[in-house]
Amino acid sequence: MEGGIASRVWNLRRHPGLLLAVVIVAAKLAMLAVDPVTRFFLGDSGIYVHAALTDTMPRDRSFLYASLIDVVAARPRTLGWLLMLQSLAGVAVALLAWTILRRSFALGALPAGAIALVIALGPEQLFYERMIMAECWGLLGFSAMLACGFAYLHRGHAGWLGGVIACGLFTVAFRTNLAPVVLGFSVLPVVVHAVAGAGRWRSWRFAAHLALVIVATTVAHAEYRKLPVRGTDGKPDYIAHAGYFRLGLVAPHVREDDLAGLGLPEGFLSRLRGGLDDPRERENHLWRNNGLIPTIRGTLGDVQGDRASRKIAARVIRRDPTILVTLGVATLFDYLDPAVTGERLRDDLGLYRFDDGFRAWIAENFNHDMSGMPERPSVVMSAFSASRPWLTFCLFALVPLALVVLAAAWRGTRRDTALLYALTACGLFAGHVLFSHIVSYRYLHAFPWMIGIGLGALCAMLPARSRQHVPPASGQVAHP
């Protein structure tokens with residue numbers, strides 16, 4: 001018996017990827033045993049659960065995640081299977097990081113496995129595996145998209161571009177805030193392969209692959225954008241009321257003349273709650289009573305209000321195309337202001353009291369004990385609460401790290417993979433800065449994963465560079 005166990009362990013050691021998968025699954029199961037507490041972020045979690053229970057389409061959230069809740073949690077009347085499935089998504093995210101580090105950057109199995117394990121047990125990852133939110137699924141799609149992109153660099157097969165498009169669409173279907181980096185990434189593998197890949201490409205092949213990915217991405221996303229507005233008169237977009245969110249981004253710069261001809265009464269802005277010109281009030285003007293967006297919605301109705309909001313936002317940006325940069329930089333530096341970050345972390349933790357009706361609703365439909373929620377302490381929640389400095393570091397360190405990786409690899413054989421990583425990191429950072437209207441640590445969920453890839457890539461490249469500079473042994477001739 002002992003010999004059989006030893007033989008199995010030895011076989012696993014000969015397959016480090018399989019051994020790593022066993023270790024990560026065991027670690028996830030152990031963490032679920034230690035902390036199985038389900039978390040809710042209201043009202044997003046409530047919208048997902050309501051859509052799942054009533055078989056309706058959530059207009060401003062991921063309908064795919066609502067469908068997942070329906071199948072995995074609502075029908076069996078338990079949230080346990082959903083948490084288990086989200087933990088498995090966390091396993092896949094870690095293994096994808098390991099695969100990229102091993103195959104694309106030639107990092108050793110042990111350091112690559114260590115980084116993958118750290119990713120799997122990261123406080124932000126564990127927390128969102130327990131939260132009834134779509135974050136862990138968005139990261140799964142994002143990491144799979146990158147894995148397909150890196151595979152394309154090595155093989156040059158157009159089939160991997162199909163993987164990039166499919167995984168990108170999967171990402172956006174769960175996390176709309178990643179749409180800018182997903183759209184930008186779709187063409188990067190082809191361009192990087194042509195610019196920095198080993199060997200020369202025939203121009204026709206580059207043109208054919210580039211045309212293929214542009215056309216396929218455009219068609220796929222155009223068809224997807226019809227789904228959230230199905231059955232309405234709304235304009236196709238990733239969410240049904242995208243115009244409201246676009247206006248919310250630029251709300252501090254709205255002027256009365258931007259409202260001309262849209263059916264809004266004269267002096268409309270003077271009727272709103274205060275602080276319209278304050279960038280930190282953008283969320284309040286999106287959601288709170290007497291805010292800019294709720295007031296437009298109440299005046300014009302859902303569809304006409306959304307169309308008017310699109311036009312107002314377009315007029316503001318045409319007047320000053322740098323507005324998103326100015327507002328984004330201001331919000332970026334809010335991450336360094338404790339007066340802002342403390343409240344925002346409390347929001348991300350979901351520490352706003354649930355009413356008794358919500359508790360009863362969850363207990364009735366999922367047989368789930370809501371006593372002590374949302375304040376109920378747990379290991380994972382405490383770890384996530386303490387991770388604010390780490391997540392802030394990941395935000396500010398990602399682009400510098402990516403540039404260091406690119407510089408270290410530029411004269412080596414991994415230049416193409418380093419360039420793809422660096423451009424993606426810059427795109428992720430830029431998308432967050434330009435299109436986030438608030439400080440939010442849940443928006444940073446992908447950043448630690450990208451930091452892990454960068455650190456692993458750098459670890460793989462530094463030994464290679466040092467070997468290139470080893471002086472020849474005595475009596476040997478150094479060759480250029």
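First, a word on scope: everything that follows refers to the structure included in this document. Fair warning: this is a prediction, and the values are worked out from it, not measured in the lab.

Let us look at the overall build of the chain. In terms of regular secondary structure, the chain is built from 23 helices and 0 strands. Its C-alpha atoms put the chain at 90 × 60 × 45 Å along the principal axes. Classification of the 480 residues of the chain by burial places 51% in the buried group. When contacts within the chain are restricted to residue pairs at least 6 apart in sequence, those whose partners lie at least 24 apart make up 73%. Accessible area for the chain stands at about 21,800 Å²; split by element, carbon and sulfur atoms hold 62% of it.

This part takes up the pattern of salt bridges. Taken as a whole and assessed by the stated rule, the structure comprises 21 salt bridges. As a salt-bridge pair, Lys226 and Glu223 come within 3.1 Å of each other at their nearest N and O atoms. Accessibility expressed as a relative area gives 43% for Glu223, which makes it partly exposed. Residues joined in a network through salt bridges with shared partners are Arg225, Asp237, Arg246, Asp306 and Arg310.

This brings us to the packing of helix H13 (residues 242-250) against helix H15 (residues 292-300). As a packed pair, H13 and H15 sit with axes 10 Å apart at the nearest point and diverge in direction by 140°. Regarding the angle of H13 to H15, the classification is oblique. Note that H13 runs across H15; the crossing there is right-handed. Contacts between H13 and H15 involve Tyr244, Leu247 and Gly248 from the former and Leu292, Ile293, Ile296 and Arg297 from the latter. Of the residues belonging to the contact of H13 with H15, the class tally is 5 nonpolar, 1 polar and 1 charged.

Residues Val25, Leu29, Trp81, Met84 and Leu88 make up a contiguous nonpolar surface patch of about 470 Å² in total accessible area. Listing elements by their share of the nonpolar patch, those giving two or more residues are helix H2 (16-34) and helix H5 (80-103). Tracing the chain through its elements places Val25 in helix H2. The exposure class of Val25 is partly exposed, given its relative accessible area of 31%.

Attention shifts here to the packing of helix H8 (residues 135-155) against helix H22 (residues 415-435). Relative orientation of the contacting elements H8 and H22 amounts to 150°, with a least axis distance of 10 Å. Classified by the angle their axes make, H8 and H22 are roughly antiparallel. The chirality of how H8 crosses H22 is right-handed. From H8, Phe142, Leu146, Gly149, Phe150, Leu153 and His154 reach across to H22, where they touch Asp416, Thr417, Leu420, Tyr421, Thr424 and Leu428.

Most often, soluble globular proteins have nonpolar side chains that are buried together. Within the largest apolar cluster, 117 residues are counted, with the highest numbers of intra-cluster contacts made by Tyr65, Phe105, Phe142, Tyr421 and Trp449. Counting residues per element, this core draws most heavily on H8, which supplies 12 residues. For Tyr65, the contacting residues outside a window of four places in its chain are Tyr48, Leu82, Gln86, Met131, Ile132, Met133, Ala134, Trp137 and Phe174. Leu247, Leu249, Leu276 and Ile293 belong to the second-largest nonpolar core, a separate cluster that totals 24 residues.

Mapped onto the elements of the fold, Ile312 is located in helix H16 (residues 302-319). The residues contacting Ile312, other than those within four sequence positions of it, are Leu247, Val254, Asp258, Leu259, Leu262, Leu264 and Ile296.

Within this structure, the stated rule accounts for 19 aromatic pairs. Consider the rings of Tyr335 and Tyr441, whose centres lie 5.7 Å apart with planes at 85°: the pair is edge-to-face. Separated by 106 residues along the polypeptide, Tyr335 in the loop between helix H17 (323-334) and helix H18 (338-348) and Tyr441 in the loop between H22 and helix H23 (447-468) bring together distant segments of the chain. Given the relative accessible area of 4%, Tyr335 is considered buried. Among the residues examined, Tyr441 registers a relative accessible area of 1% and is labelled buried. Here a set of aromatic residues connected by ring pairs shows up, and it is made of Tyr48, Tyr65, Trp137, Phe170 and Phe174. One cation-aromatic arrangement involves Arg225 over Tyr238; the distance from NZ or CZ to the ring centre is 5.1 Å.

What counts, and at which threshold
Residues numbered from 1 in each chain as written. Predicted model: local features only at pLDDT ≥ 70, side-chain atom pairs only at ≥ 80, totals over all residues. Heavy atoms only, no water. Helix = DSSP H or I, 4+ residues; strand = E, 2+ residues; numbered from the N terminus. Buried < 20%, exposed > 50% of the residue type's maximum accessible area, 1.4 Å probe, protein only. Contact = heavy atoms within 4.5 Å. Areas by Shrake-Rupley, 256 points an atom, 1.4 Å probe, with all protein chains shown as cover. Salt bridge = Lys/Arg side-chain N within 4 Å of Asp/Glu carboxyl O. Axes fitted to C-alpha atoms, helices over the stretch in contact; angles between N-to-C directions. Parallel < 35°, antiparallel > 145°, perpendicular 65-115°, else oblique. Left-handed = near helix turned anticlockwise from the far one by under 90°. Nonpolar A, V, L, I, M, F, W, Y, C, P; charged D, E, K, R; others polar. Patch = residues over 30% accessible without salt bridge, like charges linked within 9 Å, V, L, I, M, F, W, Y side chains within 5 Å. Core = buried A, V, L, I, M, F, W, Y, C linked by side-chain atoms within 4.5 Å. Phe/Tyr/Trp six-rings, centres within 6.5 Å; stacked < 30°, edge-to-face > 60°. Lys NZ or Arg CZ within 6 Å of the ring centre and 35° of its normal.

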